[in-house]
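Results of the structural survey
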Amino acid sequence: MIALACDHGGFAHMRELKLHLDGRGVAYKDFGTYTDDSCDYPEYAEKAARAVVSGECSAGILICGTGIGMSIAANKIPGVRAALCSDCFSAEMTRRHNDANVLTLGARVTGAGLMLRIVDIFLDTGFDGGRHARRVGMIGELERSANCQDMCQTPTETAERRG
Ligand code: RB5
């Protein structure tokens, strides 16, 4: 099951993507938005990202105007490794080397045809493991230590640490 989300900037591309996934027989859960009315991408990024981290969905595909806002927002959810891709090589490598579990796309950057190729590569490429597993593990450690520092320190200590 793939978690999908978009904002108004990605809405038209999302329609294309769902038709494509239907054609491939890929199951998905659409976390919205469901209209092209202006909306706030972090809300939809969070819903889809949490579905990936909880295990409800195996991966996520998020679309906004540039793909950047969705990427920044999704990467705030611990356990998410979201990659913004606008080319096929990056889509392949972020699965092989980063074990990316969320793909973000910019509808105002990447045309629908290229987007669908990027999506296919993302869905069909596995993680290489090996030395890359160690590095992905280190990203998890960074995430845990950053969260721990925030939770274990008073707001004053946190402000001092950040300078
Ligand atoms: C919406 O206008 C736009 O800011 C959004 O889709 C996205 O590009 C943000 O990163």
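Everything discussed here concerns the structure shown above.
To keep things clear, this report deals only with the structure shown in the data block. (Residues numbered from 1 in each chain as written. Predicted model: local features only at pLDDT ≥ 70, side-chain atom pairs only at ≥ 80, totals over all residues.)

1. Quick notes on the overall build of the protein chain
The number of helices and strands found in the protein chain is seven helices and five strands. In sequence order, the secondary structure elements of the protein chain are arranged as β-α-β-α-β-α-β-α-β-α-α-α. When the backbone C-alpha atoms are referred to their principal axes, the protein chain occupies close to 50 × 40 × 30 Å. (Helix = DSSP H or I, 4+ residues; strand = E, 2+ residues; numbered from the N terminus.)

2. Quick notes on the site of the ligand
The environment of the ligand is formed by D7, G9, Y41, C64, G65, T66, I68 and G69. Of the residues in the shell around the ligand, the class split is three nonpolar, four polar and one charged. (Near = placed C-beta within 6 Å. Nonpolar A, V, L, I, M, F, W, Y, C, P; charged D, E, K, R; others polar.)

3. Focus: the environment of G79
Positionally, G79 belongs in the loop between α3 (68–74) and β4 (82–84). The spatial distance from the C-alpha of G79 to the C-alpha of H13 is 26 Å, given a sequence separation of 66 residues.

4. So, the nonpolar core
Counting 39 residues, the largest nonpolar core has A45, A48, L62 and L103 as the members making the most contacts within it. Going through the elements one at a time, β1 (2–6), α1 (11–24), α2 (41–54), β3 (59–64), α3, β4, β5 (102–106) and α5 (112–124) are the ones with two or more residues in this core. Once residues lying within four places of it in the same chain are set aside, the contact partners of L103 are I61, A83, C85, A91, V119 and F122. (Core = buried A, V, L, I, M, F, W, Y, C linked by C-beta atoms within 7 Å. Buried ≥ 20, exposed ≤ 12 C-beta atoms within 10 Å, placed from the backbone. Contact = placed C-beta atoms within 7 Å.)

5. Here's the deal with the packing of α1 against α5
Direction vectors running N to C along α1 and α5 enclose 45°, while the axes themselves pass 10 Å from each other. In terms of orientation, α1 lies oblique with respect to α5. As α1 packs across α5, the resulting crossing turns out to be right-handed. When α1 is examined against α5, the residues H13, E16, L17 and H20 are found in contact with a partner set consisting of A112, M115, L116 and V119. A per-class count over the contact of α1 with α5 returns five nonpolar, two polar and one charged. (Axes fitted to C-alpha atoms, helices over the stretch in contact; angles between N-to-C directions. Parallel < 35°, antiparallel > 145°, perpendicular 65-115°, else oblique. Left-handed = near helix turned anticlockwise from the far one by under 90°.)

6. What about the pairing of β3?
Burial analysis of β3 places five of its six residues in the buried class, the great majority of the element. One ladder, built from five bridges, connects β1 with β3; its direction is parallel. Paired with A3 across the strands is G60, a residue of β3. As paired strands, β3 and β5 are joined by five bridges and run parallel to one another. What sits directly across from L62, in β5, is T104. (Pairing = 2+ DSSP bridges.)

7. As for the environment of A49
Topologically, A49 is positioned in helix α2. Look at A49 and you get buried, because 29 C-beta atoms sit within 10 Å. Along the chain, A49 and A59 lie 10 residues apart, while their C-alpha atoms are 8.5 Å from each other. Every residue in contact with A49, bar those within four places of it in the chain, is listed here: G60, A74, I77, V80 and V102.

This is a description of form; function is not addressed.
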